[in-house]
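Breakdown of the fold
Letter by letter, the chains look like this.
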Amino acid sequence: MAAVTQHLSTRHLLGIKDLTAEDIHLIFHTSDNFKEVINRPIRKVPSLRDVTIANLFFENSTRTRISFELAEKRLSADVVNFSASSSSVKKGETLLDTVNNILSMKVDMVVMRHPAPCAPKFLSEHIDANIINAGDGTHEHPTQALLDAFSMQEKVGRLTGKKVAIFGDILHSRVALSNIFCLQKLGAEVTVCGPPTLIPKHIERLGVHVSYNRDETLAWCDIANILRIQLERQDIKYFPSLREYAQYFGVDRRALDRTGKELVVMHPGPINRGVEISSDVADSEHSIILQQVENGVAVRMAILYLLAART
Ligand code: CP
């Protein structure tokens, strides 16, 4: 077990790429403590009393938005929520003007989801608050990768030498990129698997294996992280039909049973049931999908708490 440091090396969480392995171990160690807190009868601690956090969502979200809001409230922070679809962004206000107006109301931390890659980084260069990236276009989704790796570690122990396969739409996935960075920093081996059109060219330069064969990849891995087919980000047809995708790359009970192994199955959500994963796998004893969601609150509490200490 690596030594646990006391402070993060950064005052923003813009991507996993910027974190050290020590940062990740510190986040996990702190998440363990907060997981214990949220399972107590009284699930609230005063750690972020007098800290004001703005959740700025310029793109749709269910899990991440609710999870951050719960994490903030469990830490006793004051919370304001902003959704672009019901804001003056619709009247043409720029990102910087929107955020500066919100900051004038004395906000200390900003959690932001935005369709433009690196929008949180742009913000961090122009304003004083701590910034947390809650997903920026097809770039990174660092809190998802941290909660994924935390959930994997909880299930199978240390990730050093473990084999993790990421299935699906790697080309459009910020979850895939953040998972690759996070898993490699923790010493895991990673394979990405999907149709050639949904695997970025030259991705092996990141140090991952590439596979176009679902069954071989399931036979290889200890953990299968299955990603959503992101039809809303696909400007052309990347495969003939959803039915054909499900047949060759969807993870269903028969494909799992053929491995003869006790695989761990994950999915960040939202799920396209019957496309990338069948219901009898998503709801099976192999699946830790709902544990991922539960762990998301503890991991986000840890990130908020540690970043607030770095103001
Ligand atoms: N996993 C994830 O980011 O889900 P949401 O889009 O619902 O936040």
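Residues numbered from 1 in each chain as written. Predicted model: local features only at pLDDT ≥ 70, side-chain atom pairs only at ≥ 80, totals over all residues. Heavy atoms only, no water.

**What to know about the site of the ligand**
Definition in use: Whether a residue is near a molecule or strand is decided by its heavy atoms; if any one of them lies within 4 Å of it, the residue is near. For the purposes of these results, a polar contact is taken to be a pair of N or O atoms within 3.5 Å, where, inside protein, one atom must be able to donate a hydrogen and its partner to accept one; residues adjacent in sequence count only when each atom of the pair is a side-chain atom. For accessible areas, the Shrake-Rupley method is used with a probe of radius 1.4 Å. Any residue's cover is judged against the shown protein chains and nothing else. Put simply, Ala, Val, Leu, Ile, Met, Phe, Trp, Tyr, Cys and Pro go in the nonpolar bin, Asp, Glu, Lys and Arg in the charged bin, and everything else, Gly too, in the polar bin.
The environment of the ligand is made up of S61, T62, R63, T64, R113, H141, Q144, P268 and G269. In the environment of the ligand, an oxygen atom lies 2.6 Å from a nitrogen or oxygen atom belonging to the side chain of S61. Within the contact set of the ligand, an oxygen atom lies 2.9 Å away from a side-chain nitrogen or oxygen of R113. About the coverage of the ligand: the protein hides 92% of its 260 Å² of free accessible area. A per-class count over the shell around the ligand returns one nonpolar, six polar and two charged.

**Description of the sheet that holds strand β3 (residues 109–114)**
Quick reminder of the rule: A pair of strands is labelled paired if DSSP reports no fewer than 2 bridges between them. For the purposes of this entry, the term helix denotes a DSSP run of H or I that reaches at least four residues, the term strand denotes a run of E that reaches at least two, and both are numbered from the N terminus. Fitted lines through C-alpha atoms serve as axes, helices being fitted only where they are in contact, and the angles separating the N-to-C directions of these axes extend from 0 to 180 degrees. Two residues form a contact once any of their heavy atoms are found within 4.5 Å.
Ordered by their spatial adjacency, four strands build an open sheet running β2-β1-β3-β4, and the pairing between neighbours is parallel. In this open sheet, the two edge strands, each paired with only one partner strand, are β2 (78–83) and β4 (130–136). Within the sheet, the average angular offset between the axes of one strand and its neighbour, ignoring direction, is 15°. Here strand β1 (residues 52–57) runs beside β2; their pairing, made up of six bridges, is parallel. Counterpart to L56 in the pairing with β2 is F82. Of the strands in this sheet, β1, β2, β3 and β4 touch helix α2 (residues 63–74), which is tilted by about 175° from β1.

**Comments concerning the pattern of salt bridges**
Applicable threshold: We define a salt bridge as a contact between a side-chain nitrogen of Lys or Arg and a carboxyl oxygen of Asp or Glu at a distance within 4 Å. Relative accessibility under 20% of the residue-type maximum defines a buried residue, over 50% an exposed one, and the middle range a partly exposed one, all with a 1.4 Å probe and only protein chains included.
What the rule picks out here adds up to ten salt bridges. Ionic pairing is found between E36 and R40, a salt bridge with its closest N-O pair at 3.3 Å. E36 gets classed as partly exposed once you look at its relative accessible area, which sits at 45%. Note on R40: relative accessible area 36%, which makes it partly exposed. For R253, the salt bridge goes to E285, with nearest N and O atoms at 3.0 Å. One end of the pair, R253, is in helix α9 (residues 253–259); the other, E285, is in the loop between α10 (279–282) and α11 (289–308), with 32 residues separating them in the sequence. Residue classification places R253 among the partly exposed residues on the basis of a relative accessible area of 23%.

**Details of the side chain of S284**
Tracing the chain through its elements places S284 in the loop between α10 and α11. Using a relative accessible area of 12% as the deciding quantity, one classes S284 as buried. Engagement of the side chain of S284 in a polar contact is seen with the backbone nitrogen of H286, the distance being 3.1 Å.

**What about helix α3 (residues 95–103)?**
For clarity, the cut-off: In this description, the arc belongs to the directions extending from the helix axis to the C-beta atoms.
Listed in full, the buried residues belonging to α3 are L95, T98, V99, I102 and L103. For α3, the angular spread of buried residues about the axis comes to 130°, placing them on one side. Elements that come into contact with the buried residues of α3 comprise β1, β2, β3 and α4 (119–124).

**Here we look at the domain arrangement of the chain**
How big an interface is tends to be expressed through the accessible area that disappears when the partners come together. In plain terms, the rule: Each domain's extent is set by a domain assignment, obtained either automatically or from a database. Once two parts are put together, the accessible area they lose, assessed with a 1.4 Å probe and summed over both, is termed the buried area.
The domains assigned to the chain are domain 1 (16–141 + 293–310) and domain 2 (142–288). Inter-centroid distance (C-alpha atoms) of domain 1 to domain 2 is 26 Å. At the junction of the two partners, domain 1 supplies 29 residues and domain 2 supplies 25 residues. Summing both partners gives a buried area of about 2,400 Å² for domain 1 against domain 2, and 64% of it is carried by carbon and sulfur. By the criterion of area lost to domain 2, the three top residues of domain 1 are I16, F28 and H141, representing 29% of everything that side buries. Summed over the shared surface of domain 1 and domain 2, the number is two salt bridges. Where domain 1 meets domain 2, there are 13 residue pairs in polar contact (both at pLDDT 80 or more).

**What to know about the pairing of β3**
For clarity, the cut-off: A clockwise course of the path from the first strand over the helix to the second, judged with the strands pointing away from the viewer, identifies a crossover as right-handed.
Along β3, six of the six residues are buried, which leaves the element largely enclosed by surrounding structure. Summarising the sheet, β1 and β3 pair through five bridges and their orientation is parallel. Counted as the bridge partner of I53 is M109 from β3. Relative to β4, β3 runs parallel, the two sharing five bridges. Paired with M109 across the strands is N130, a residue of β4. As for the winding sense of the linkage, the β-α-β connection from β3 through α4 to β4 is right-handed.

**Considering the sheet that holds strand β6 (residues 189–193)**
Within the open sheet, the five strands sit side by side as β7-β6-β5-β8-β9. Their pairing is parallel. The open sheet has two free edges, formed respectively by β7 (209–211) and β9 (264–266), since each of these has just one partner strand. In this sheet, neighbouring strand axes are inclined to one another by 20° on average, regardless of whether the strands run parallel or antiparallel. The sheet contact formed by strand β5 (residues 163–167) and strand β8 (residues 223–226) spans four bridges and is parallel.

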